[in-house]
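Listed below are the residues making up each chain.
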Amino acid sequence: MKIDVIVSADYIKESLLENKVVVVIDVLRATSVITTALCNGAEEVIPVLTVEEAFEKKKELLSLGKEVILGGERQALKIEGFDFTNSPLEYKAEKVKNKSIVLSTTNGTRALNSCNSGEVVLIASFLNGKAIAKELVRLNKDIVIVNSGTNGEFSMDDFICGGYIISEVVKEVTCDLSDISKVSKSFYESNKNLRNVLKDAKHYEVLKALSLEEDIEHCLSQNIYNIILKYENGIIKKMQN
Ligand code: MLT
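Residues numbered from 1 in each chain as written. Predicted model: local features only at pLDDT ≥ 70, side-chain atom pairs only at ≥ 80, totals over all residues. Heavy atoms only, no water.

Peer 1: What's the story with the overall build of the protein chain in this structure? I'm lost.
Peer 2: Counting its secondary structure elements, the protein chain contains 11 helices and 10 strands. Relative to its length of 241 residues, the protein chain is compact, with a C-alpha radius of gyration of 16 Å against a globular reference of 18 Å. Principal-axis analysis of the C-alpha atoms gives the protein chain an extent of 50 × 40 × 30 Å. Out of the 241 residues belonging to the protein chain, those deemed buried represent 55%. Relative to all contacts within the protein chain whose residues are 6 or more apart in sequence, the contacts with residues 24 or more apart total 77%. (Helix = DSSP H or I, 4+ residues; strand = E, 2+ residues; numbered from the N terminus. Rg over C-alpha atoms; globule rule 2.2 N^0.38 Å. Buried < 20%, exposed > 50% of the residue type's maximum accessible area, 1.4 Å probe, protein only. Contact = heavy atoms within 4.5 Å.)

Peer 1: What am I meant to see in the layout of surface pockets here?
Peer 2: To locate leftover empty space, one rolls a probe as large as a water molecule over the atoms. By volume, the largest pocket amounts to about 320 Å³. If you go around the largest pocket, you meet 21 residues; those closest to its centre are Thr106, Asn107, Thr150, Asn151 and His203. The element that contributes the greatest number of residues to the lining of the largest pocket is helix α10 (residues 202–209), accounting for 3 residues. (1 Å grid on protein atoms, 1.4 Å probe; cavity = no way out; pocket = protein on both sides within 12 Å on 5 of 7 lines; lining within 4 Å. Points joined across faces, edges and corners; volume = space filled by probe spheres on them.)

Peer 1: Could you clarify how one ought to interpret the packing of helix α7 (residues 156–172) against helix α8 (residues 179–189) in this entry?
Peer 2: To characterise two packed helices, one gives the angle between the axes of the helices and the distance between these axes. Relative orientation of the contacting elements α7 and α8 amounts to 95°, with a least axis distance of 7 Å. Relative to α8, α7 is oriented roughly perpendicular. Together, Met156, Phe159, Ile160, Gly162, Gly163, Tyr164, Ile166, Ser167 and Val170 of α7 and Ile180, Ser181, Val183, Ser184, Lys185, Phe187, Tyr188 and Glu189 of α8 make up the contact between the two elements. Residue composition of the contact of α7 with α8, grouped by class: 10 nonpolar, 5 polar and 2 charged. (Axes fitted to C-alpha atoms, helices over the stretch in contact; angles between N-to-C directions. Parallel < 35°, antiparallel > 145°, perpendicular 65-115°, else oblique. Nonpolar A, V, L, I, M, F, W, Y, C, P; charged D, E, K, R; others polar.)

Peer 1: Teacher, can you tell me more about the packing of helix α6 (residues 129–139) against α7 here?
Peer 2: Where α6 meets α7, the closest approach of the two axes is 9 Å, and the angle between their N-to-C directions is 45°. On the basis of their axis angle, the class for α6 and α7 is oblique. For the pair α6 and α7, the sense of crossing is right-handed. Touching Gly129, Lys130, Ile132, Ala133, Leu136 and Val137 of α6 are Tyr164, Ile165, Glu168, Val169 and Glu172, all from α7. (Left-handed = near helix turned anticlockwise from the far one by under 90°.)

Peer 1: Is there a simple way to explain the site of the ligand in this structure?
Peer 2: Looking at the ligand, the residues that line it are Asp26, Leu28, Arg29, Ala30, Glu73, Asn86, Thr105, Thr106, Asn107, Gly108, His203 and Leu207. One nitrogen or oxygen atom from the main chain of leucine 28 is found 3.4 Å from an oxygen atom belonging to the ligand. A distance of 3.4 Å separates an oxygen atom of the ligand from a polar atom in the backbone of threonine 106. Burial of the ligand by the protein amounts to 99% of the accessible area it has alone, namely 270 Å². Considering only residue class, the shell around the ligand consists of 3 nonpolar, 6 polar and 3 charged. (Near = heavy atom within 4 Å. Polar contact = N/O pair within 3.5 Å; in protein donor to acceptor, adjacent residues only side chain to side chain. Areas by Shrake-Rupley, 256 points an atom, 1.4 Å probe, with all protein chains shown as cover.)

Peer 1: How should α6 be read in this particular structure?
Peer 2: An α-helical turn contains 3.6 residues, so a residue and the one three or four places further along point in the same direction. Buried residues of α6: Gly129, Ala131, Ile132, Ala133, Glu135 and Leu136, and no others. Looking at the packing, one finds that the buried side of α6 touches β2 (21–25), β6 (120–124), β7 (143–147), α7, β9 (228–232) and β10 (235–239). A positive backbone phi angle near 55° is found at asparagine 140, which sits one or two residues after α6.

Peer 1: Quick question: what am I supposed to make of helix α2 (residues 30–39) here?
Peer 2: Burial within α2 is extensive, with 9 of its 10 residues counted as buried. Those residues of α2 that sit buried are Ala30, Thr31, Ser32, Val33, Ile34, Thr35, Thr36, Ala37 and Leu38. Glycine 41 sits one or two residues past α2 and shows a positive phi near 100°.

Peer 1: Looking at this model, I keep getting lost on a nonpolar patch on the surface. Mind explaining?
Peer 2: Taken together, the side chains of Leu77, Val206 and Leu210 present a nonpolar region at the surface, about 220 Å² in accessible area. Following the sequence through the fold, valine 206 ends up in helix α10. Accessibility expressed as a relative area gives 36% for valine 206, which makes it partly exposed. (Patch = residues over 30% accessible without salt bridge, like charges linked within 9 Å, V, L, I, M, F, W, Y side chains within 5 Å. Salt bridge = Lys/Arg side-chain N within 4 Å of Asp/Glu carboxyl O.)

Peer 1: Looking at this structure, I do not really get the environment of alanine 54. What am I missing?
Peer 2: Considering the arrangement of structural elements, one finds alanine 54 in helix α3 (residues 51–63). Alanine 54 gets classed as buried once you look at its relative accessible area, which sits at 0%. Between the alpha carbons of alanine 54 and leucine 70 there is a distance of 7.1 Å; along the sequence they are 16 residues apart. Excluding its chain neighbours within four sequence positions, the residues that come into contact with alanine 54 are Val48, Leu70, Phe82 and Val102.

Peer 1: Explain the environment of glutamate 205 to me, please; I cannot follow it from the model alone.
Peer 2: Within the element layout of this structure, glutamate 205 appears in helix α10. What makes glutamate 205 partly exposed here is its relative accessible area of 43%. Along the chain, glutamate 205 and isoleucine 3 lie 202 residues apart, while their C-alpha atoms are 30 Å from each other. With sequence-adjacent residues up to four places away left out, glutamate 205 is seen in contact with Lys199 and Asp200.

Honestly, it's all geometry; don't read function into it.
What follows is the structure, given as structure tokens:
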């Protein structure tokens, strides 16, 4: 079982994902939002690239009789005409239960939309990292961890979360790690105090400047949700585990 890491959405190539189990990560905050919403009972999350696409998708789903929430951000702020921002704390059970969430974010939903060639595509964050690691062991196939990054650049928060998942997988099964996977794993293993190491990360600073410390706290909570999320045919749903 091989494990490789892609460091940001700009580096995703279809050929790298074919026949692989792909794990998409955007800790701050897209995959944490997706994990929270689905754990709180949302029926599905549909990641879209543009604001226009989001409004179109909402119309289409409403015509099918679904209840729809538009969520996401641009520059970490609410999009005009949308219902929710990209704060995971907004996606509470009483608001999202049985609803379809159409989500558009700067990096996370872009990364997801570039991963369609993966054989299986899973969604991970610190919130469900252990559940995803267990599923990777069960699937027993070559893995590519896709870090969404920030505006095409490497981001520490995604890299350390990927390292955590790799660290959990190798406890159970012997793996052939690429050099970048080894660095990701050892970055996590030597920095288990997440708040301490991530306080200097660029996007952490952006969210802090917007007084979104509670979002950060939530996104760095490890394994509060025991769920596996799968992206298939443009839709993310919870798998039974
Ligand atoms: C993104 O997908 O770009 C992020 O989740 C940005 C954010 O809302 O923090």
